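These are the residues of each chain, in order.
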Amino acid sequence: MTTMESLIGLVNRIQRACTMLGDYGGGDNTFSSLWEALPSVAVVGGQSSGKSSVLESIVGRDFLPRGSGIVTRRPLVLQLHKTEQGSQEYAEFLHLPKRRFTDFAAVRKEIQDETDRVTGKTKQISPVPIHLSIYSPNVVNLTLIDLPGLTKVAVEGQPESIVEDIEAMVRTYVEKPNCIILAISPANQDIATSDAIKLAREVDASGERTFGVLTKLDLMDKGTNALDVLEGRSYRLQHPWVGIVNRSQADINKNVDMIIARRKEREYFATSPDYGHLANKMGSEYLAKLLSKHLESVIRARIPSITSLINKSIDELESEMDHLGRPIAVDAGAQLYTILELCRAFDRIFKEHLEGGRPGGDRIYGVFDHQLPAALRKLPFDRHLSMQNVRKIVSEADGYQPHLIAPEQGYRRLIEGSLNYFRGPAEASVDAVHFVLKELVRKSIGETQELKRFPTLQAEIAAASNEALERFREESKKTVIRLVDMESSYLTVDFFRRLPQEIEKAGGPAATAAAAASSGGDRYSEGHFRRIGSNVSSYIGMVSDTLRNTIPKAVVYCQVKEAKQSLLNYFYTLLGKKEAKQLSQLLDEDPALMERRQQCSKRLELYKAARDEIDSVSWAR
């Protein structure tokens, strides 16, 4: 195979692989960029200009639908692959990847059926391309895009916008800087009215990308010829015009073989008195070779940028493969090791959240610094230690005999009743920290890239973590409630020892009795109850300060520290008891990620093969 064939064949294979991976016409941006970086040939012409005949002449096969009006109603991306001499010709459609067509009449029917599948049996058009590859020893390596014929008026069954719609579709292809325009014009019409040339001139003013093809030379009026066009006097292009002699309708009706048609075309030019001097630069075979040679020069110029794009894409795909993870081993020992590594990755991220390497752990401090103090301040001690309630509780505690010095039972009941209020903030602190820890587990699982592949393992780790956190919460609640109960079970002795001294300072029992007498028979004076309420309030404030410090310590010790040290310990114990089948179930990957990895692997293989082929091609001219 020559260097030229290697270069163009390489481009063809890359384009083919891109279409098979679903990247042409949308999809992965990198692959769409690669497609657009590779040159292709768009065939443009008016309706009945002979586009189909030109393509069939280049291919050497009769395979395109024919008829009047708009026959090509969807773009046909035609990739020609040159095979070894003597090998069988066949065709493949992208939408039927496992089926080879050796009967080209069946190819024509499939193009028609696939067109109807999208557009219906109407004269509507669609921009969705059909991808067809033909493998033959009688072709040159090329990618040709057959586009709907340009038209000037809408016919019955077509929308009024059909003229603009077709032109807009054609422009999306020919405006790309790497697109070579094959402008088809019939010789029996004035070149000044050629729709193809008009459009080519608008998108390629310099003519560097345009190849002019003049069809139907044999149908011109007697005594006329197209030498002014073919020799560049009527309309000059950067590249030479090429004349084509299409098969006659009689030949088409008789199914004349394309090889015979090519021979007839060569004979026509060789014996023509008008075109004999141009015979070696005319005909479909020469056109194919001319396009192939031009493609080689374009590809040579694009190779550095293509290579750079490929190398960049390989690096990006390698990085993505690392994120997605490599295929899983099948033996139980390797699977257990993989699961443990994934658990450690999650545990590491969870600890980073707690220790400040990642956000979220600071919310636990917020519970202790804001929520707990705020809850303690809102406790209804003012209502509990109101004059009316203190009088009621102390009087009930005295029974039928008044207390002598200090109402000890009244104090105890007031204090115990007040301390019961601390249970609420204590339990609320536990629940708030539990909620934060659960949220950190959820975030950590989501941020563990290695786990994204395994939804079943994610769910198991989440369940095991939340179960452990639940145990830690229960233990933490027991501990903080014990702290509150301990305050209730033993009152500070110094507190009671100070009470007699305070009473004496206030005037002693005599003052109390006098106050009682002057109060109209009440057992104690209002000031007496106010002092009791004040004393209890002071004691409760002291306990509140203590609990404000001890509750966070208990919560951190029972929940946060345990979560850091032993969140998955019980899960690890269960893992060690699982059979190989159960371990495999844990490593059951997300189908979407499996598909993504397979796609990445295929693309990576494609890029590496392309890079190797580019490196192996000799660039010597």
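Residues numbered from 1 in each chain as written. Predicted model: local features only at pLDDT ≥ 70, side-chain atom pairs only at ≥ 80, totals over all residues. Heavy atoms only, no water.

- In the nomenclature of an unreviewed UniProt entry, the protein chain is known as Dynamin-related protein 1E of Cucumis sativus.
- Entered under Subunit (unreviewed entry) in the UniProt record, the comment concerning the protein chain runs "Forms homodimer and may homooligomerize and heterooligomerize to form the phragmoplastin complex. Binds to PHIP1."
- Quoted straight from UniProt, the Sequence similarities (unreviewed entry) entry for the protein chain says "Belongs to the TRAFAC class dynamin-like GTPase superfamily. Dynamin/Fzo/YdjA family." (UniProt positions renumbered as here; feature names shortened; annotations may be inferred.)

### A word on the overall build of the protein chain
And then number 1: The helix and strand inventory of the protein chain stands at 23 helices and nine strands.
And then number 2: Contacts in the protein chain between residues at least 24 apart in sequence constitute 81% of all its contacts with a sequence separation of at least 6.
And then number 3: When the accessible area of the protein chain is evaluated, it comes to approximately 30500 Å², of which 51% is carbon and sulfur surface. (Helix = DSSP H or I, 4+ residues; strand = E, 2+ residues; numbered from the N terminus. Contact = heavy atoms within 4.5 Å. Areas by Shrake-Rupley, 256 points an atom, 1.4 Å probe, with all protein chains shown as cover.)

### Side note on unusual backbone geometry
And then number 1: Even without a glycine there, the phi angle at Lys 216 is positive, about 60 degrees.
And then number 2: Within the secondary structure, Lys 216 is located in the loop between strand 8 (210-215) and helix 7 (227-230).

### A closer look at the side chain of Glu 56
And then number 1: With respect to the helices, strands and loops of the structure, Glu 56 is situated in helix 3 (residues 51-59).
And then number 2: Those residues in contact with Glu 56, other than ones at most four positions away along the chain, are Arg 61, Asp 62, Phe 63, Leu 64, Arg 66, Arg 247 and Met 258.

### Topic: the pairing of strand 6 (residues 142-146)
And then number 1: By the criterion of burial, strand 6 is predominantly enclosed, with five of the five residues buried.
And then number 2: Taken together, the three bridges between strand 1 (residues 40-45) and strand 6 define a ladder with parallel strand orientation. The residue bridging Val 41 from the neighbouring strand is Leu 144, located in strand 6.
And then number 3: In terms of strand pairing, strand 2 (residues 76-82) meets strand 6 through five bridges, oriented antiparallel. The residue bridging Val 77 from the neighbouring strand is Ile 145, located in strand 6. (Buried < 20%, exposed > 50% of the residue type's maximum accessible area, 1.4 Å probe, protein only. Pairing = 2+ DSSP bridges.)

### Description of the pairing of strand 5 (residues 130-136)
And then number 1: Taking burial as the measure, the seven residues of strand 5 include seven buried ones, the bulk of the element.
And then number 2: Neither face of strand 5 is left uncovered, since the one carrying Ile 130, Leu 132, Ile 134 and Ser 136 and the one carrying His 131, Ser 133 and Tyr 135 both have all their residues buried.
And then number 3: Where strand 2 and strand 5 come together, seven bridges link them in parallel fashion. The residue of strand 5 that forms the bridge with Gln 79 is Ser 133.
And then number 4: The sheet contact formed by strand 3 (residues 90-93) and strand 5 spans four bridges and is antiparallel. By the bridge assignment for strand 5, Glu 92 is matched with Ser 133.

### Considering the environment of Asp 322
And then number 1: Here Asp 322 is to be found in helix 10 (residues 284-324).
And then number 2: On the basis of relative accessible area, Asp 322 is assigned to the exposed category, the value being 53%.
And then number 3: Expressed as a C-alpha distance, the spacing of Asp 322 and Gln 449, which sit 127 residues apart in the sequence, is 9.6 Å.

### Concerning the packing of aromatic side chains
And then number 1: All chains considered together, the criterion is met by seven aromatic pairs.
And then number 2: An angle of 15 degrees between the planes, with centres 4.7 Å apart, marks the rings of Tyr 90 and Tyr 135 as stacked. Of the two residues, Tyr 90 sits in strand 3 while Tyr 135 sits in strand 5, which places them 45 residues apart along the sequence. Assigned by exposure class, Tyr 90 and Tyr 135 land together as buried.
And then number 3: On the numbers, 6.2 Å between centres and 25 degrees between planes, the contact of Phe 346 with Phe 350 is stacked. Of this pair, Phe 346 and Phe 350 are both found in helix 11 (residues 332-355), four residues apart, which corresponds to roughly one turn of the helix. Residue Phe 346 shares its accessibility class with Phe 350, and that shared class is buried.
And then number 4: Following the ring pairs from residue to residue traces out a cluster consisting of Tyr 268, Phe 269 and Tyr 275.
And then number 5: Over the ring of Tyr 90 we find Arg 100, and its NZ or CZ is 4.0 Å from the ring centre. (Phe/Tyr/Trp six-rings, centres within 6.5 Å; stacked < 30°, edge-to-face > 60°. Lys NZ or Arg CZ within 6 Å of the ring centre and 35° of its normal.)

### Observations regarding the sheet that holds strand 2
Adjacent strands of a sheet form backbone hydrogen bonds with each other and so pair up, either parallel or antiparallel.
And then number 1: Spatial ordering of the open sheet is given by 4-3-5-2-6-1-7-8-9, a layout of nine strands whose pairing is mixed. Taken across any chain shown, the strands that pair with only one partner, and hence form the sheet edges, are strand 4 (96-101) and strand 9 (242-243).
And then number 2: Note that strand 8 and strand 9 share two bridges and pair parallel. The partner of Leu 214 across the bridge, within strand 9, is Gly 243.

### A word on the environment of Glu 526
And then number 1: You can see Glu 526 is positioned in helix 20 (residues 526-566).
And then number 2: With relative accessibility at 47%, the residue Glu 526 sits in the partly exposed group.
And then number 3: Sequence separation of Glu 526 and Met 387 is 139 residues, and the distance between their C-alpha atoms is 7.8 Å.

### Brief notes about the confidence of the model for the protein chain
And then number 1: Here the protein chain averages 83 in pLDDT, while 85% of its residues score no lower than 70.
And then number 2: Within the protein chain, the lowest mean pLDDT, 44, falls on helix 19 (residues 508-518), and the highest, 96, falls on helix 16 (residues 423-447).
And then number 3: Taken together, the stretch residues 23-29 has pLDDT below 50 and engages in 17 contacts with residues farther than four places along the chain or on a different chain.
And then number 4: Every residue in residues 509-522 scores below 50 in pLDDT, and together they form seven contacts with partners more than four places removed in sequence or on other chains. (pLDDT = per-residue confidence, 0-100.)

### Here we look at the packing of helix 5 (residues 162-174) against helix 6 (residues 195-203)
And then number 1: It is at 11 Å that the axes of helix 5 and helix 6 come closest, and there the two elements cross at 50 degrees. Looking at the two axes, helix 5 sits oblique to helix 6. Once helix 5 is placed against helix 6, the crossing between them reads as right-handed. Of the residues in helix 6, those in contact with Glu 167, Val 170, Arg 171 and Val 174 of helix 5 are Leu 199, Glu 202 and Val 203. (Axes fitted to C-alpha atoms, helices over the stretch in contact; angles between N-to-C directions. Parallel < 35°, antiparallel > 145°, perpendicular 65-115°, else oblique. Left-handed = near helix turned anticlockwise from the far one by under 90°.)

### A look at helix 12 (residues 362-377)
And then number 1: Look at helix 12: 22 Å from first C-alpha to last across 16 residues, which is about the 22 Å you get at 1.5 Å a residue.
And then number 2: At Phe 368, helix 12 shows its largest kink, close to 30 degrees.
And then number 3: Every buried residue belonging to helix 12 is among Ile 364, Gly 366, Val 367, Phe 368, Leu 372, Pro 373 and Leu 376, and all of these are buried.
And then number 4: Packing partners of the buried residues in helix 12 comprise helix 11, helix 13 (381-384), helix 16 and helix 20. (Expected span 1.5 Å × (residues − 1). Bend = angle between axes of the 7 residues up to and from the residue.)

### A word on the side chain of Arg 262
And then number 1: Locating Arg 262 in the fold gives a position in helix 9 (residues 258-271).
And then number 2: Buried and unpaired, Arg 262 has no salt bridge, with Glu 285 as the nearest side chain of opposite charge at 4.2 Å. (Lys, Arg positive; Asp, Glu negative; His and termini not counted. Salt bridge = Lys/Arg side-chain N within 4 Å of Asp/Glu carboxyl O.)

### Comments concerning the pattern of salt bridges
And then number 1: A complete count under the given rule lists 30 salt bridges for this structure.
And then number 2: The partner of Glu 355 in a salt bridge is Lys 564, with the nearest N and O atoms 3.4 Å apart. Of this pair, Glu 355 sits in helix 11 while Lys 564 sits in helix 20; the two residues are 209 residues apart in sequence, bridging distant segments of the chain.
And then number 3: Judged by relative accessible area, which is 53%, Glu 355 ranks as exposed.

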